[in-house]
Amino acid sequence: MQEALRSRLDSEINNLKQKHMFRQLRVVDGAEKAVCIIDGKEVINLSSNNYLGLTTHPRLMEAATEAIRTHGVGTAAVRTIIGTMDLHQELEERLATFKHTEATLTFQSGFASNQGIIQALMEEGDAIISDELNHASIIDGIRLSKASRHIYKHVDMNDLEAKLKEAQSARTKVIITDGVFSMDGDMTPMPDIVALAEQYGAATYVDDAHASGVLGRNGRGSVDHWDLNGRVDIQVGTFSKAFGSQGGYVAGIQPLRDFLVHRARTMLFSNALPPSVIASCLAAIDVLETEPELIDRLWENTRYFKGALAKLGFDIGSSVTPITPVIAGSGEKAMKLSDRLFEEGVFAQGIGYPTVPEARSRVRTIVTAAHTQENLDTAIGAFEKVGHELGLI
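Quick summary incoming for the structure in this document. From a predicted model like this one, the values you see are computed outputs, not experimental measurements.

### What about the sheet that holds strand β13 (residues 350-351)?
Here is step 1: Spatially, the three strands line up as an open sheet ordered β11-β14-β13, and their pairing is antiparallel. The sheet terminates laterally at β11 (323-327) and β13, the two strands that pair on one side only.
Here is step 2: Note that β11 and strand β14 (residues 362-366) share five bridges and pair antiparallel. For valine 326, the partnering residue across the bridge sits in β14 and is valine 363.

Here's what the structure looks like:
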C-alpha cells in the first residue's frame with residue numbers, strides 16, 4: 001500500500017483509539033437470538049433490531065429453504081434484465097395490499113432504497129425539507145440529489161413551516177422524516193407534518209425502518225399508527241429489522257414504482273434479492289397477520305424494561321418505542337458501560353460521536369418479543385450494578 005495512505009489511515013485509527021472509540025467487530029457464533037454466543041460468551045442480546053424474533057421463526061426458515069429448492073440460491077441479474085422472479089412480483093403485490101398503497105418496489109436494503117429514491121426523484125429546481133436527525137441513508141440520498149436542501153430542527157414544526165416557506169418556489173417539495181428515530185427512539189409527529197405538507201403543497205416521505213413490524217395494525221408502520229393511510233405519499237421500509245430477513249422497499253402510487261424501475265440506480269445496477277430472502281419476507285407478512293401476539297409481547301417487554309431503567313435513575317432520553325438509549329455522557333464512558341455490561345453477560349453496543357453528539361454518547365438497547373422475563377431481570381440487574389460503578393445512577 002502507498003505509504004502516504006497507510007500513514008493517513010494509521011493516524012485516523014490512532015485518533016479513534018485515543019478517544020476510546022476504536023472497536024473490534026463482535027462476532028456472533030450461530031443464530032442471532034435474544035440470548036446468543038458473542039465472541040465466545042453467552043450474553044443477553046440487547047443490540048439487535050430483531051424486534052419480533054423472526055430471524056429464527058420456523059415459518060421464515062421453512063419458506064427460505066423451500067425457495068432455494070424451487071428457485072435456486074440467487075438471481076444472477078438485476079431486476080430489469082432477468083432478475084425479476086415470480087416471487088418478487090408476489091411479494092410486491094402482497095406488500096402493497098399490506099401497506100394499503102397502489103404499488104411497492106423492493107430494493108437490496110433500506111439504505112439502498114433511500115439512496116436510489118431520493119437521487120432519482122429530486123432534481124434541480126426541487127426542494128427537500130429534512131429533519132436534522134434523519135438516518136444516514138437519507139442524508140446520503142440528499143447529497144446525491146441536485147435539489148435544494150432545507151434542514152429543519154428535530155421534530156420542530158415551527159422550523160419545518162419556516163423551511164417550507166423558504167422552499168415555496170420549488171417545482172416539487174418533499175418533506176422527508178424518519179417515522180421512528182433510530183438513536184433516540186422517539187417518533188415524528190406525522191399528523192402535524194402531513195397537515196403542513198397539505199397546506200404548503202409538499203409531498204411527504206417517511207422512512208419506517210424502525211416502525212415496520214412495530215407500529216400500526218399488525219406492524220403496518222407509522223402511517224397506519226397515525227391513521228394516515230392515503231395521505232403520505234412515499235413510505236420506505238426495511239425487511240432487515242422486525243421482518244427478520246433482508247432488503248428494503250418503497251410503497252406509494254403506481255407511477256412512483258414505474259418511474260423508479262427506470263431511474264433508481266441502486267435497483268438498476270445491483271442484483272435482485274435472492275429467492276430465499278424474498279420467500280422469507282413473504283412468510284414474515286404471514287406471521288404479522290396471523291401472530292399479532294408477538295407485537296403485543298414486544299410492547300409488554302418494552303414497557304417493563306423502560307420502567308425499570310427509569311426507576312433506577314438512568315437517563316433514557318425521550319424514547320417512546322422499543323429503542324431505549326441509556327445516556328452515558330461521553331464516548332469513553334459509553335464504551336466502558338458497554339464493555340462492563342458485556343462482562344456481566346449483557347451485550348449493549350456503545351455509540352458515540354459522530355453517530356450522536358459526544359455529550360449524548362450512550363448504549364442503545366432494544367428489547368424484543370423473544371426476551372423472557374428472566375432475561376430482562378438479569379439485564380436490569382447488570383445495568384444497576386454497572387450503573388452504580390460508573391456513577392450513572
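### A short note on helix α4 (residues 86-99)
Here is step 1: Helix length check: α4 (14 residues) gives 20 Å between terminal C-alpha atoms against 20 Å at 1.5 Å per residue, within 8%.
Here is step 2: Within α4 the residues assigned to the buried category are Leu87, His88, Leu91, Glu92, Leu95, Ala96, Phe98 and Lys99. Across the axial projection of α4, the buried residues extend over an arc of 165°, all falling on one side. Turned more than 90 degrees off the buried face of α4, the exposed positions are Asp86, Glu93 and Thr97.

### Quick look at helix α2 (residues 58-71)
Here is step 1: Along its 14 residues, α2 runs 20 Å from first to last C-alpha, staying within 8% of the 20 Å computed at 1.5 Å per residue.
Here is step 2: The set of residues buried in α2 consists of Leu60, Ala64 and Ala67. Taken around the axis of α2, the buried residues stretch over an arc of 65°, which confines them to a single face. Among the exposed residues of α2, those pointing more than 90 degrees away from its buried face are Glu62, Arg69 and Thr70.
Here is step 3: Contacts from the buried residues of α2 go to α4 and α12 (275-290).
Here is step 4: The first or second residue beyond α2 is glycine 72, which carries a positive phi of 85°.

### A few points about the nonpolar core
Here is step 1: Grouped together as the largest cluster of nonpolar side chains are 36 residues, with contacts concentrated most on Tyr51 and Leu52.
Here is step 2: The leading source of residues in this core is α12, at ten residues.
Here is step 3: The residues touching tyrosine 51, leaving out its near neighbours within four places in the chain, are His210, Val214, Lys241, Ala242, Leu298, Pro322, Ile323, Ile366, Val367, Thr368 and Ala369.
Here is step 4: Among the nonpolar cores identified, the runner-up in size contains 23 residues, and Ile118, Ala147, Ile176 and Val236 belong to it.

### Some remarks on the sheet that holds strand β2 (residues 35-38)
Here is step 1: What the four strands build is an open sheet, ordered β1-β2-β3-β12; its pairing is mixed. With partners counted over all chains shown, the strands left at the sheet margins are β1 (28-29) and β12 (346-347), one partner each.
Here is step 2: In this structure, β1 lies alongside β2, joined through two bridges in antiparallel fashion. Paired with valine 28 across the bridge in β2 is isoleucine 38.

### Digging into the environment of serine 212
Here is step 1: In this structure, serine 212 sits in the loop between β8 (203-207) and α9 (222-225).
Here is step 2: We classify serine 212 as buried; its relative accessible area is 1%.
Here is step 3: When the C-alpha positions of serine 212 and lysine 385 are compared, they lie 34 Å apart, and in sequence the two are 173 residues distant.
Here is step 4: Excluding residues that lie within four positions of it along the chain, serine 212 makes contacts with Gly219, Gly237, Thr238, Ala242, Phe243 and Tyr249.
Here is step 5: At a separation of 3.1 Å, a polar atom in the side chain of serine 212 contacts the side chain of tyrosine 249.

### Overview of the packing of helix α14 (residues 331-343) against helix α15 (residues 373-389)
Here is step 1: Across the interface, α14 lies against α15 with an axial gap of 10 Å and an inter-helix angle of 135°. By the angle between their directions, the pair α14 and α15 is classed as oblique. Crossing geometry of α14 relative to α15 is assigned as right-handed. Along its contact with α14, which presents Leu337, Arg340 and Leu341, the element α15 presents Ala382, Phe383, Lys385, Val386 and Glu389.
Here is step 2: Here the contact of α14 with α15 is built from residues that sort into five nonpolar, no polar and three charged.

Parameters at a glance
Residues numbered from 1 in each chain as written. Predicted model: local features only at pLDDT ≥ 70, side-chain atom pairs only at ≥ 80, totals over all residues. Heavy atoms only, no water. Pairing = 2+ DSSP bridges. Helix = DSSP H or I, 4+ residues; strand = E, 2+ residues; numbered from the N terminus. Expected span 1.5 Å × (residues − 1). Buried < 20%, exposed > 50% of the residue type's maximum accessible area, 1.4 Å probe, protein only. Arc of directions from axis to C-beta. Contact = heavy atoms within 4.5 Å. Core = buried A, V, L, I, M, F, W, Y, C linked by side-chain atoms within 4.5 Å. Polar contact = N/O pair within 3.5 Å; in protein donor to acceptor, adjacent residues only side chain to side chain. Axes fitted to C-alpha atoms, helices over the stretch in contact; angles between N-to-C directions. Parallel < 35°, antiparallel > 145°, perpendicular 65-115°, else oblique. Left-handed = near helix turned anticlockwise from the far one by under 90°. Nonpolar A, V, L, I, M, F, W, Y, C, P; charged D, E, K, R; others polar.

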